[in-house]
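Residue strings, one per chain:
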Amino acid sequence: MAKVIAIANQKGGVGKTTTAINLSAAIGELGKKVLLVDVDPQANATSGLGVQEYEKSTYDVLANEESIGDVIIKTDFKNLWICPSSEELAGAEIELVSMDNREFVLKNALDSVRGDYDYIFLDCPPSLGLVTLNCLTATDTVLIPIQCEYYALEGVGLLTNNIKRIKKSLNPDIDIEGILLTMLDARTNLGIQVVEEVKRHFEGKVYASIIPRNVRLSEAPSYGQPINIYDPTSKGAEMYMALGEEFLMLNEE
């Protein structure tokens, strides 16, 4: 049975989709079967893995209750499948409102394919509507990327409070998977200070692997490739592979 991990932060621009793509690809490279569900209407995880042509998307799973097995596509990368997203997904919020058990649509869909994968990652939208609520109801844990900048913890308090609320009402088993520090510029005192502050705030939950600012990481999505394929010798590729190894070690102890 696959473990489901939502990659979420209600603050945009923190490396959420970059992490969804590259951690999924790293874990696939390390021999595990991975499904990435793109639940963001911007569909950046979909295009970032080079998926351009598809008939159905996550929108059909949520709004039309289409079988997710009919939507999933095998990517060109080792052990990695994707449930693609589309701009239509922005309208799913409205369609979900009138549904019975509207918070559980994604969970019910994922339950039918959990036996097919080792890990399922959800690339969540940077907001808290019904679509994100579906992600947090469907997930086992939440991985939170935090940018190494001055307002790093802004938005994270909001997310952790929402996780607590969901734990009480919709998903009693939800927990924080880990905190990932991203976009570190190690040359600045600010970057180092943020690392220390986040480690203090989330004691024992912060990954040792820290993702640096890296030009090659920024370029890779425009070529439709994860960083381990686009430039396997880059610092970004090195750190996402290290994160993949750390993630598996923590999960398979």
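Rules and cut-offs
Residues numbered from 1 in each chain as written. Predicted model: local features only at pLDDT ≥ 70, side-chain atom pairs only at ≥ 80, totals over all residues. Heavy atoms only, no water. Helix = DSSP H or I, 4+ residues; strand = E, 2+ residues; numbered from the N terminus. Rg over C-alpha atoms; globule rule 2.2 N^0.38 Å. Buried < 20%, exposed > 50% of the residue type's maximum accessible area, 1.4 Å probe, protein only. Contact = heavy atoms within 4.5 Å. Areas by Shrake-Rupley, 256 points an atom, 1.4 Å probe, with all protein chains shown as cover. Lys, Arg positive; Asp, Glu negative; His and termini not counted. Charge placed at Lys NZ, Arg CZ, Asp CG, Glu CD. 1 Å grid on protein atoms, 1.4 Å probe; cavity = no way out; pocket = protein on both sides within 12 Å on 5 of 7 lines; lining within 4 Å. Points joined across faces, edges and corners; volume = space filled by probe spheres on them. Nonpolar A, V, L, I, M, F, W, Y, C, P; charged D, E, K, R; others polar. Core = buried A, V, L, I, M, F, W, Y, C linked by side-chain atoms within 4.5 Å. Disulfide = S-S within 2.5 Å. Phe/Tyr/Trp six-rings, centres within 6.5 Å; stacked < 30°, edge-to-face > 60°. Lys NZ or Arg CZ within 6 Å of the ring centre and 35° of its normal. Pairing = 2+ DSSP bridges. Right-handed = clockwise from strand over helix to strand, strands pointing away. Salt bridge = Lys/Arg side-chain N within 4 Å of Asp/Glu carboxyl O.

Caption draft 1: The overall build of the protein, seen in detail. Looking only at helices and strands, the protein has 11 helices and seven strands in total. Taken over the C-alpha trace, the protein has a radius of gyration of 17 Å; the compact-globule value for 253 residues is 18 Å, and the two agree within 12%. Across the 253 residues that make up the protein, the buried fraction comes to 56%. Restricting to contacts in the protein with at least 6 residues of sequence separation, those with at least 24 account for 78%. Accessible surface for the protein amounts to roughly 11300 Å². Of this, 47% is attributable to carbon and sulfur atoms. Measuring between centres, the 22 positive side-chain charges of the protein sit 6 Å from its 37 negative side-chain charges.

Caption draft 2: Spotlight on the layout of surface pockets. The space that makes up the largest pocket amounts to roughly 560 Å³. For the lining of the largest pocket, the element with the most residues is helix α1 (residues 16–29), which contributes six residues. Tallied by class, the residues present in the lining of the largest pocket amount to 12 nonpolar, 15 polar and four charged. Estimates place the volume of the second largest pocket at around 150 Å³. What lines the second largest pocket is simply K3, E177, G178, G204, K205, V206, Y207, E246, L250 and N251. Those elements that provide at least two residues to the lining of the second largest pocket are β7 (175–182) and α11 (235–251). No other element matches α11, which puts three residues into the lining of the second largest pocket. Its residues assigned to classes, the lining of the second largest pocket shows three nonpolar, three polar and four charged.

Caption draft 3: Representation of the nonpolar core within the structure. Grouped together as the largest cluster of nonpolar side chains are 56 residues, with contacts concentrated most on L110, I120, L122, I146 and V198. The greatest single-element share of this core, amounting to six residues, is contributed by helix α6 (residues 130–138). Other than its neighbours up to four places away in sequence, I146 contacts N9, A152, L153, V156, I179, L180, L181, T182, V198 and F202. Core analysis: the second largest hydrophobic core is formed by 31 residues, I21, Y119, A220 and I227 among them.

Caption draft 4: Structural context of the state of the cysteines. Summed over the entire model, instances satisfying the criterion amount to zero disulfides. Among the cysteines around C83, which has no disulfide bond, C135 carries the closest sulfur, lying 11 Å off.

Caption draft 5: How the structure looks around the packing of aromatic side chains. All chains considered together, the criterion is met by four aromatic pairs. Between Y223 and Y230 the ring centres are 5.0 Å apart and the planes differ by 25 degrees, which places this aromatic pair in the stacked class. Directly above the aromatic system of W81 lies the positively charged group of K74, at a separation of 5.0 Å from the ring centroid.

Caption draft 6: A look at unusual backbone geometry. Of note, N79 is a non-glycine position whose phi angle comes to about 55 degrees, a positive value. Looking at where N79 falls in the secondary structure, it is placed in the loop between β3 (73–74) and β4 (80–83).

Caption draft 7: View of the pairing of β7. Across the eight residues that make up β7, a large majority, seven, are buried. Summarising the sheet, strand β6 (residues 141–147) and β7 pair through seven bridges and their orientation is parallel. Following the sheet pairing, P145 is matched in β7 by L180. After leaving β6, the chain enters helix α7 (residues 156–169) and then returns to the sheet as β7, a path that is right-handed.

Caption draft 8: Region of interest: the pattern of salt bridges. All told, the structure shown has 11 salt bridges when counted by the stated rule. With a shortest N-O distance of 3.8 Å, R102 and E103 are connected by a salt bridge. Note on E103: relative accessible area 18%, which makes it buried. Between D111 and K107 there is a salt bridge, with its nearest N and O atoms 3.2 Å apart. Of this pair, D111 and K107 both sit in helix α5 (residues 105–111), four residues apart, which is roughly one turn of the helix. Here the residues in one salt-bridge network are K16, D40 and D123, joined through shared partners.

All quantities given are derived from atomic positions and should not be read as evidence of function.
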